[in-house]
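Commentary on secondary and tertiary structure
Chain by chain, the residues:
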Amino acid sequence: MSTETTPVIPLPLGAARAVTAVGALATTASAFLAWTWTADFPGDLTVTGYPGGLQWLTLTAGLLTLVLALASYGVPGLRWTSPSGSDNGLLYAAFGGAAVTWFTIIAIAIDLNGLANLEPGGWIAGVASLVALVGALGLPVDRHPKGTSWGLRLAKTDQPLPTARQLPSTVEVLLIVVAFAIGLFAITFGIDTEYGELFTGYLILAGFVIAALSKSGLLPRLRALTIKHRPIATGAAFAAAAGFPFTQTSDQYTSVAANILIFATVALGLNIVVGLAGLLDLGYVAFLGVGAYAAALVSGSPASPIHVQFPFWAAMLTGAAASMVFGVLIGAPTLRLRGDYLAIVTLGFGEIFRITMNNLNGTTGPKITNGANGIPRIPDLEILGFNLGQKHLIAGVELGRFSNYYLLMLVVTAFVVLVFARVGNSRIGRAWVAIREDETAAEAMGINGFRLKLLAFALGACLAGLAGTVQAHVSYTVTPDQYTFAEALPPNSAFLLAAVILGGMGTISGPLVGATLLFLVPKKLEFLSNYQLLAFGITLIILMRVRPEGMIANRRAKLEFHEADIPAQASPPSESALTKTGA
Amino acid sequence: MTTTTAAAPATTVGAPLLDVRGVTMRFGGLTAVNDVSLTVNQGEIVGLIGPNGAGKTTFFNCLTGLYVPTEGTVSYQGKVLPPKPHLVTQAGVARTFQNIRLFGNMTVLENVLVGRHTRTKEGLFSAILRGPGFHRAEAASRQRALELLEFTGLAAKAEHLARNLPYGEQRKLEIARALASDPGLLLLDEPTAGMNPQETNAAEQLVFAIRDLGIAILVIEHDMKFIFNLCDRTAVLVQGQKIVEGDKETVQNDERVITAYLGAPLETATSTDEQAEDAT
Amino acid sequence: MHELPQQLANGLILGALYGLVAIGYTMVYGIVQLINFAHGEIFMVGGFGALTAFLALPGGTSLWIAIPLMLLAGILVSTLVAVGAERFAYRPLRGAPRLAPLITAIGLSIVLQQLVFSFYPDAKKARVFPKIPGDPFELAGITIQRSDIFLIIAAPLCMMILGWFVAKTRSGRAMQATSQDPDTAKLMGIDTDRIIVMAFAIGAAFAAVAAVAYGLRTGQVDSRMGILLGLKAFTAAVLGGIGNIYGAMLGGLALGLTEGLATGYIQHVPGMDLFGGAAWKDVWAFVLLIVVLLVRPQGLLGERVADRA
């Protein structure tokens, strides 16, 4: 292994641990103090004895640092929190604590004009979190040797974890359920954040906590557990997702969640096309639009020129089929070509779709879509006598309109996940990946490249169309402007592609996570008002520079246990830019 | 699960398998391959040598449907091969590439499974519905792929990424992947390029082992020793034309070969004759 | 049908504009196989650079002096932005998965748009750009706006300079070599990094010329003008055969002509009366692209690349 285990700041090991633990304890305690004198700063940080708003984040970070520090001491009963035995996780946790605490301090100073608005509690928190960080920097962490890179030179802890203690499988299942419950809580917290400061702090903390947990070995452990109990883990994930509306008191955030699900599902469909088959589709949102328009036309909306009202299952099939037909129409002529031609043709198709929907208004074309006004007043769905537009009392919780649609959309998402997982891991999925890797070699293996690419393209279109049928009903109205190439808000083709690539190509969770972030970040950064999109663009560039392989690396990329052993970049650097792909 | 050809006894030469008639390939004004005919019989190992740029790989690409020959036909088992790579493989002709073209981000096992593509049928709906037939077919493919990895000595690396394999093993994996399509004829494009003598020797053993499975082999090589040890017959391609074809004595003693290609009489090659007999 | 020559002229002028921007796409793609999505915004900042120069000049400066200075400022701004983008957003990702730089390009394009939108004075809506005053020319029944004279002179001039540069200079030949085989070019001692920067810079300079032409023509610049024009220019680059500089111009002209003719004539085709006019011209432009790709997959002037096995 080309890594060394040395502290960043030379300190005796005992002192470093003690300083970290004391700092973490003090950070935790400081969350209970008053940080500022006025409740003008959102979240009310004036109360001594009870944390509020951003203080909860500091508290979380402090506790995590404390637990990992105690585990580093080898305190019995806590060692399970750090199976890797590496202190890198602890360092990340301490970083997270300092980052979120100082973010809060700076936010207070900016919002209230000056550091004078800080109570002593705030100063204590700031100092305590820095003390913990200094202590953690004194711990021996896995680092790259000098001269290989800059900064802290933190290494990936890529040694395999020691074998886990054998647990009864009921306990393992219980652990999975607990983990997903915590996950649901964390995501709910993120969606429910009421002000931008809290959401930004949440994102900062979430990033560091995830880094800390994966370096400490807890996340890899959990991943191993979920792989072992895959059906239960999948079930738990969906149960957690289905539990979301029951945690909500109003429809304010369930509508956000329903739209996240639509966006995420479409992103997952795009991942079949881009991630598996390697086809660059820049007009994917048009297939969502085809599905939505098809569903709107047969929904019985008074604005639709076709005065029919299909039952929902028939509308879904219509939308999916219409999208698929367009997929085949676009794909058949262009998928024979190699290179990036598909990219531009799909981009063109996306534009044509939007312009055509705008033009079919009766003056510049036949009257079908009402042009820019779209098809409004799409009636709510009624499935088996259950009207999704009305409130229902389920398990003592009143579920509103968006909760109903959220749950319906979750079923669609589950279906798309199922299709992705099953097809991805089959003869067809392997053929797609082979085409993505090297189309010539794939053809030499007997794969009919054109047919399989068309299949991927049509399937992707079909799944997007399916999501579109639900979207039409969720948003009441379909208009051409919902389906553009690049716009301030998702879903649009650029954001969809970004969700896939940012999240991780070829994975299931990648696009789901990517889509969630891409939806939430612009929405929650509304406090930046004019600079919201600017911040988004910068985030996109930074994220891509930090993790070009996406946030969730492909299972295959994970197989590279020995990445550090391979002599630095065996292939010429320009190679991957020129790799022949079927895109 | 066995090979598609009726396995001929290992060393006897059977009926014509591949029949190439008058293949010519022109790129614009350049004639890369000029009127080349060649047959490969069942159970045979045939070599194709020639200096750089002689058109060997172009000729290969004509056989495998990557190029459509300007003139001439290629038939396999009496049927004319359509000029589409996947249909050629479907018909029973598999190939490897000169510059290794593995699916780098797939595992070793997955690479071989991709090779099974033509011999399995499971489509999209079968994959989504996952009926018993799907599981049976997947298990059978896996079984066959693992057998082939065992055969090529890669079984221990089944779960590694293809691009992390050392060079020699990548070559082997390409062969295993090609064998997965149950071919009757295997086309090897410079299988020992860049190998050290030990690896070359192992590759030689592997080629013989494949022949013993009843699969005929057509191999392009630069390595004289390798080709004369291995092949029952060798054809020499110079400037797109086949100038001679025959056993190693015929080729080695041919004036045109010596002048056009070898430049000087072959001493190294003759000295290895004894080894060649030992090997067979 | 007396308006045919007029529509042709309009189409050609518009097409020359597309062509100038398309050069940037085609040069960058030819060398690093990257669709530089931010190129439309490089074009846009060039327009604002030129506008800044105009506003900085004392009022009443003759356009004979102002236009060259605006051109210079536009080229300077575009080139700096493009080279900076290459250095900080693309080069670090050269070893990354192929689609990663595409996402940074999308991010960059949002950033540039928003920077201008938020920080350029009064750029929340379109800003007025000077026009060349005076009556339009009448030439054999064709009306040509005075402002278009700039483009009519600049486009062929630019193409001639670029053609000379690529074919005759050392750097130009190095550029050709790099686009054909970057690895070999590197082995031959060509500094490929420098060549890539040069491709970005030339593309940006051409985009800036186009931006000045666009400003003069429409009398305004705005922060979103790069989106649709970038899209069209990229289409033109593909249409002409991506990687070929003359192809880019030819593709641009073909696209412009199609739009001109579609605007004026499609509605006269029997049965198509509802599908003509300005509302449908973009649709016909893309239809042209698809048809060309079907007939000539490599584009009008592109070379068919044989896949070496």
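Predicted, not measured: the structure shown is a model, and the values here were computed from it.

What counts, and where the lines are drawn
- Residues numbered from 1 in each chain as written.
- Chains lettered and ligands numbered in written order.
- Predicted model: local features only at pLDDT ≥ 70, side-chain atom pairs only at ≥ 80, totals over all residues.
- Heavy atoms only, no water.
- Helix = DSSP H or I, 4+ residues; strand = E, 2+ residues; numbered from the N terminus.
- Buried < 20%, exposed > 50% of the residue type's maximum accessible area, 1.4 Å probe, protein only.
- Contact = heavy atoms within 4.5 Å.
- Areas by Shrake-Rupley, 256 points an atom, 1.4 Å probe, with all protein chains shown as cover.
- Rg over C-alpha atoms; globule rule 2.2 N^0.38 Å.
- Lys, Arg positive; Asp, Glu negative; His and termini not counted.
- Charge placed at Lys NZ, Arg CZ, Asp CG, Glu CD.
- Axes fitted to C-alpha atoms, helices over the stretch in contact; angles between N-to-C directions.
- Parallel < 35°, antiparallel > 145°, perpendicular 65-115°, else oblique.
- Left-handed = near helix turned anticlockwise from the far one by under 90°.
- Nonpolar A, V, L, I, M, F, W, Y, C, P; charged D, E, K, R; others polar.
- Salt bridge = Lys/Arg side-chain N within 4 Å of Asp/Glu carboxyl O.
- pLDDT = per-residue confidence, 0-100.
- Buried area = accessible area lost by both parts, 1.4 Å probe.
- Polar contact = N/O pair within 3.5 Å; in protein donor to acceptor, adjacent residues only side chain to side chain.
- Phe/Tyr/Trp six-rings, centres within 6.5 Å; stacked < 30°, edge-to-face > 60°.
- Pairing = 2+ DSSP bridges.
- Expected span 1.5 Å × (residues − 1).

Looking now at the overall build of chain B. For chain B, the count of helices and strands is twelve helices and ten strands. Scored against the burial criterion, the 280 residues of chain B give a buried share of 57%. In chain B, 71% of the contacts between residues at least 6 apart in sequence involve partners at least 24 apart. In the structure as shown, chain B presents an accessible area of about 11,400 Å², 53% of it carried by carbon and sulfur atoms.

Moving on: the overall build of chain C. A tally of helices and strands in chain C yields eleven helices and four strands. Here chain C has a C-alpha radius of gyration of 20 Å; the compact-globule value for 309 residues is 19 Å, and the two agree. Dimensions of chain C, computed from C-alpha atoms along their principal axes, come out at roughly 60 × 55 × 35 Å. Within chain C, the fraction of its 309 residues that count as buried is 58%. The long-range share in chain C, meaning contacts at least 24 apart out of those at least 6 apart in sequence, stands at 73%. Summing over all exposed atoms, chain C offers an accessible surface of approximately 13,100 Å²; the carbon and sulfur share of this is 67%. Here chain C contributes 21 positive and 17 negative side-chain charges, whose respective centroids are spaced 7 Å apart.

Attention shifts here to the packing of helix α5 (residues 169–192) of chain A against helix α8 (residues 230–243) of chain A. All names here are of chain A. One can describe the packing of α5 onto α8 by two numbers: an axis separation of 9 Å at closest approach and a directional angle of 30°. In this view, α5 runs roughly parallel relative to α8, as classed from their interaxial angle. As for the relative orientation of α5 and α8, their crossing is right-handed in sense. Listed contacts from α8 to Val173, Ile176, Phe180 and Leu184 of α5 are Ile232, Ala233, Ala236, Ala237 and Ala240. When its residues are assigned to classes, the contact of α5 with α8 shows nine nonpolar, no polar and no charged.

Before going further, it helps to examine the pattern of salt bridges. Under the counting rule described, the total for this entry stands at 28 salt bridges over all chains. Across the pair Arg436 of chain A and Glu437 of chain A runs a salt bridge whose closest N-O atoms are separated by 3.2 Å. According to the relative accessible area criterion, Arg436 of chain A is buried, its value standing at 13%. Between Glu44 of chain B and Arg233 of chain B there is a salt bridge, and its shortest N-O distance comes to 2.7 Å. Here the residue Glu44 of chain B occupies a position in the loop between β2 (30–41) and β3 (45–49), and Arg233 of chain B occupies one in strand β9 (residues 233–238), the gap between them amounting to 189 residues. The exposure class assigned to Glu44 of chain B is buried, which follows from its relative accessible area of 4%. Note on Arg233 of chain B: relative accessible area 16%, which makes it buried. Three or more residues are tied together by salt bridges with common partners; here these are Glu44, Arg233, Lys242 and Glu245 of chain B.

Attention now moves to the confidence of the model for chain B. All names here are of chain B. Per-residue confidence for chain B averages 84 on the pLDDT scale, and 88% of its residues sit at or above 70. Low confidence marks residues 1–11, where pLDDT is under 50. Its contacts with residues over four positions away, or in another chain, come to 24 contacts. Across residues 264–280, confidence stays below pLDDT 50; counting only partners more than four residues off in sequence or on other chains, it has 18 contacts.

Once that is clear, we can look at the interface of chain A and chain C. With 55 residues of chain A at the contact, the number on the chain C side is 53 residues. For the pair chain A and chain C, the two sides together bury roughly 4,700 Å², of which 75% comes from carbon and sulfur. Counting every contact that joins chain A to chain C gives zero salt bridges. Inspection of the region where chain A meets chain C yields two residue pairs in polar contact (both at pLDDT 80 or more). When residues of the side of chain A that touches chain C are traced back to their parent elements, those giving at least two are α12 (341–359), α17 (493–503), α19 (532–546) and α21 (575–578) of chain A. The element best represented in the side of chain A that touches chain C is α12 of chain A, accounting for eleven residues. Across the side of chain A that touches chain C, the residue classes tally to 35 nonpolar, 13 polar and seven charged.

Residues and elements named next belong to chain A. Within the structure shown, the criterion is met by 19 aromatic pairs over all chains. Between the aromatic rings of Phe95 and Phe208, the centroid separation amounts to 6.2 Å while the plane-to-plane angle is 15°, which identifies the pairing as stacked. Of this pair, Phe95 sits in helix α3 (residues 88–111) while Phe208 sits in helix α6 (residues 196–216); the two residues are 113 residues apart in sequence, bridging distant segments of the chain. According to the relative accessible area criterion, Phe208 is partly exposed, its value standing at 24%. Here the aromatic cluster, defined as three or more aromatic residues joined through ring pairs, consists of Tyr284, Phe287, Phe326, Phe349 and Phe457.

The next point concerns the pairing of β9 of chain B. Regular strands place side chains that alternate from one sheet face to the opposite one. All names here are of chain B. Most of β9 sits inside the fold, with six of its six residues counted as buried. What you see with β9 is no split at all: Arg233, Ala235 and Leu237 on one side and Thr234, Val236 and Val238 on the other are buried throughout. As paired strands, β9 and strand β10 (residues 241–246) are joined by five bridges and run antiparallel to one another. In the sheet register, Thr234 faces β10, and the bridge partner there is Gly246. What sits between β9 and β10 in their antiparallel hairpin is a turn of two residues, with Gln239 showing a positive phi close to 50°.

It is worth spelling out the environment of Ile383 of chain A at this point. Residues and elements named next belong to chain A. Relative to the elements of secondary structure, Ile383 occurs in strand β3 (residues 382–383). Taking the relative accessible area as the measure of exposure, Ile383 reaches 28% and is therefore partly exposed. C-alpha of Ile383 to C-alpha of Tyr195: the two residues are 188 residues apart in sequence and 36 Å apart in space. If we skip the residues at most four places from it in the chain, Ile383 touches Phe312, Leu388 and Leu408.

This part takes up the packing of helix α3 (residues 63–90) of chain C against helix α8 (residues 192–218) of chain C. All names here are of chain C. Running from amino to carboxyl end, α3 crosses α8 at an angle of 140°, the nearest separation of the two axes being 8 Å. Put simply, α3 runs oblique to α8. Relative to α8, the crossing made by α3 is right-handed. Residues Ile67, Met70, Leu71, Gly74, Ile75, Ser78, Thr79, Ala82, Val83, Glu86 and Tyr90 of α3 lie in contact with α8, whose contacting residues are Ile196, Val197, Phe200, Ala201, Ala204, Ala205, Ala208, Val209, Val212 and Leu216. Looking at the contact of α3 with α8 residue by residue, the class counts come to 17 nonpolar, three polar and one charged.

This paragraph deals with helix α11 (residues 281–295) of chain C. With 15 residues, α11 of chain C ought to run about 21 Å at 1.5 Å a step, and its terminal C-alpha atoms sit 21 Å apart, in line with that. For α11 of chain C, the full list of buried residues reads Asp282, Val283, Trp284, Ala285, Phe286, Leu289, Val292 and Leu293 of chain C. Looking at the buried residues of α11 of chain C, the elements they touch are α12 of chain A together with α9 (225–240) and α10 (245–265) of chain C.

So, on to the interface of chain B and chain A. Interface size, as often reported, equals the accessible area lost upon joining of the parts. On the side of chain A, 34 residues touch chain B, which itself brings 34 residues to the contact. Buried surface at the junction of chain B and chain A, summed over both partners, amounts to about 3,200 Å²; 61% is from carbon and sulfur atoms. Interface area lost by chain B to chain A is led by His86, His117 and Leu124 of chain B, which between them contribute 20%. The tally of links between chain B and chain A comes to two salt bridges. Counting the contacts that link chain B with chain A gives 13 residue pairs in polar contact (both at pLDDT 80 or more). Mapped onto the side of chain B that touches chain A, the elements with two or more residues apiece are α2 (85–91), α3 (108–115), α4 (124–129) and α5 (132–152) of chain B. For the side of chain B that touches chain A, the residue count by class is 13 nonpolar, eleven polar and ten charged.

Let us now look at the side chain of Thr101 of chain A. All names here are of chain A. Assignment of secondary structure puts Thr101 in helix α3. Judged by relative accessible area, which is 0%, Thr101 ranks as buried. Among the polar contacts listed, one links the side chain of Thr101 to the side chain of Thr58, at a separation of 3.4 Å. Setting aside residues up to four positions removed in sequence, Thr101 forms contacts with Thr27, Trp35, Thr58, Ala125, Gly126 and Ser129.

All right, on to the side chain of Asn88 of chain A then. Residues and elements named next belong to chain A. With respect to the element layout, Asn88 can be found in helix α3. Overall, the relative accessible area of 0% leaves Asn88 in the buried class. Here the side chain of Asn88 touches Asp142 through a polar contact of 2.8 Å, landing on its backbone nitrogen.

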